[in-house]
Amino acid sequence: NKKLKIAIAGNPNSGKTTVFNKITGSRQHVGNYPGVTVEKKIGLANHKGAELEIVDLPGTYSLDAYSIEERVARDFIFDEHPDVVVDIIDSSNVERNLYMAVQLMEMNVPLVLAFNMSDLARQKGLEFDLDQLSLFFGAPIVLTVGNKGKGIDDLLDAIVKKAGEPPKELAGRVHYGTEIEEELARIEPLVDTEHDLVQKYGSRYLAVKLLENDRQVMDKGHSSEVLEAVKHSRKHLIRIFDDEPEILIAERRYGFISGACHESVKRTIELRHDVS
Ligand code: GDP
Ligand code: K
Ligand code: MG
């Protein structure tokens, strides 16, 4: 019965550490990520016979690897391939917080979404169709109120269940629009199928990251043929849209989120205008 490796990811102040503390109690220690000063909190927990090792990743808004925190969070997922990634979402600001969930979905990692701050979401009059949202993101969603310990047991159930499921085919997929999809279709067949990132996340994932000009991914050893194709595609898209492909790609991810939320998030009360 091996120990399950669980990563807790999410935006800053979404309640990651609060949930981490509720799950692990006093069974935690501080470690290091290689080469950086970012604090690594590791904790242990048992849930219905399963033993969990949980890492509280640094808070980030995305997994683009621009900041040290983003790099640390992504490298952990790249290199340690946790059994489950739990994305702690501030559900009172759900659209912005779902950006990382889209990126995790595109990596097809075993994913569980915690809609934390659900007390604040409710105060705002937000109501979620969790089944439908869960279909969009290909991940179970659990409502939690971290500081009250509400939903933590359900979250642990979902984590252990997810860890026991066989890997599935890509659950959700962002459609990037005809022009970008055409370029992806050009790049994808050229990538090395033996490449580490392709082995882990598939050729589409790598093609998207290359088209985004992700520095770290660009440096991970590609043939000159691939790099030439990427350069050509980027030029072509910049000519059409007069914008960097990474901007367009981010916009399309937000489009995916807003489409999902349009169908599954309802505002049940009007916001009052007089806030005093
Ligand atoms: P982190 O930056 O993601 O690690 O966030 P923290 O765990 O430090 O939490 C940020 C703040 O939100 C703290 O003051 C928590 O007590 C509070 N908090 C965490 N979860 C909830 C929740 O579900 N509802 C409310 N209202 N506050 C929460
Ligand atoms: K914080
Ligand atoms: Mg924290």
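On a predicted model such as this, the values are computed, not experimentally measured, just so you know.

Participant: What is the right way to read helix H7 (residues 178–187) from this model?
Facilitator: Each α-helix turn comprises 3.6 residues. Residues three or four places apart therefore point the same way. Of the positions making up H7, those classed as buried are Ile180, Glu181, Glu183, Leu184 and Ile187. With its buried residues spanning 160° around the axis, H7 presents them on a single face. Elements in contact with the buried residues of H7: helix H9 (203–211), helix H11 (224–241) and helix H12 (245–264).

Participant: I'm lost on the nonpolar core in this one. Help?
Facilitator: Among soluble globular proteins, nonpolar side chains are generally buried collectively. Leu57, Ile77, Leu98, Leu113, Phe115, Phe137 and Leu210 are the most contacted members of the largest nonpolar core, which totals 63 residues. A total of eight residues in this core trace back to one element, the largest contributor, which is helix H3 (residues 94–106). If sequence neighbours within four positions are ignored, Ile77 has contacts with Leu57, Leu63, Pro82, Val85, Leu104, Met107, Val109 and Tyr201. Ile8, Leu52, Ile54 and Val84 belong to the second-largest nonpolar core, a separate cluster that totals 21 residues.

Participant: Please clarify how the UniProt feature "binding site: Mg(2+)" (unreviewed entry) in the protein chain should be interpreted in this entry.
Facilitator: According to UniProt, the feature "binding site: Mg(2+)" (unreviewed entry) maps to Asn21, Thr24 and Gly25 in the numbering used here. Every residue in contact with Asn21, bar those within four places of it in the chain, is listed here: Gln28 and Lys41. Tracing the sequence through the fold places Gly25 in the loop between helix H1 (16–24) and strand E2 (28–32).

Participant: Help me out: how do you make sense of the pairing of strand E3 (residues 39–47) in this one?
Facilitator: Within a regular strand, side chains alternate between the sheet's two faces. In this structure, E2 lies alongside E3, joined through five bridges in antiparallel fashion. Of the residues in E3, the one forming a bridge with His29 is Ile42. The antiparallel hairpin formed by E2 and E3 contains six residues in its connecting segment, where Gly35 sits at a positive phi of about 80°. Two elements, E3 and strand E4 (residues 50–56), share seven bridges in a ladder whose sense is antiparallel. The partner of Ile42 across the bridge, within E4, is Val55. Taking the residues between adjacent antiparallel strands as the criterion, E3 and E4 are bridged by two residues, where Lys48 takes a positive phi near 45°.

Participant: I keep staring at the site of ligand 1 and nothing clicks. Help me out?
Facilitator: Looking at ligand 1, there are 15 residues lining it, with Asn13, Lys16, Thr17, Thr18 and Asp119 nearest. Here Lys16 contributes a side-chain N or O atom positioned 2.6 Å from an oxygen atom of ligand 1. A distance of 2.9 Å is found between a nitrogen atom of ligand 1 and a side-chain nitrogen or oxygen belonging to Asp119. In isolation ligand 1 has 590 Å² of accessible area, and contact with the protein removes 71% of it.

About the cut-offs
- Residues numbered from 1 in each chain as written.
- Chains lettered and ligands numbered in written order.
- Predicted model: local features only at pLDDT ≥ 70, side-chain atom pairs only at ≥ 80, totals over all residues.
- Heavy atoms only, no water.
- Buried < 20%, exposed > 50% of the residue type's maximum accessible area, 1.4 Å probe, protein only.
- Helix = DSSP H or I, 4+ residues; strand = E, 2+ residues; numbered from the N terminus.
- Arc of directions from axis to C-beta.
- Contact = heavy atoms within 4.5 Å.
- Core = buried A, V, L, I, M, F, W, Y, C linked by side-chain atoms within 4.5 Å.
- UniProt positions renumbered as here; feature names shortened; annotations may be inferred.
- Pairing = 2+ DSSP bridges.
- Near = heavy atom within 4 Å.
- Polar contact = N/O pair within 3.5 Å; in protein donor to acceptor, adjacent residues only side chain to side chain.
- Areas by Shrake-Rupley, 256 points an atom, 1.4 Å probe, with all protein chains shown as cover.

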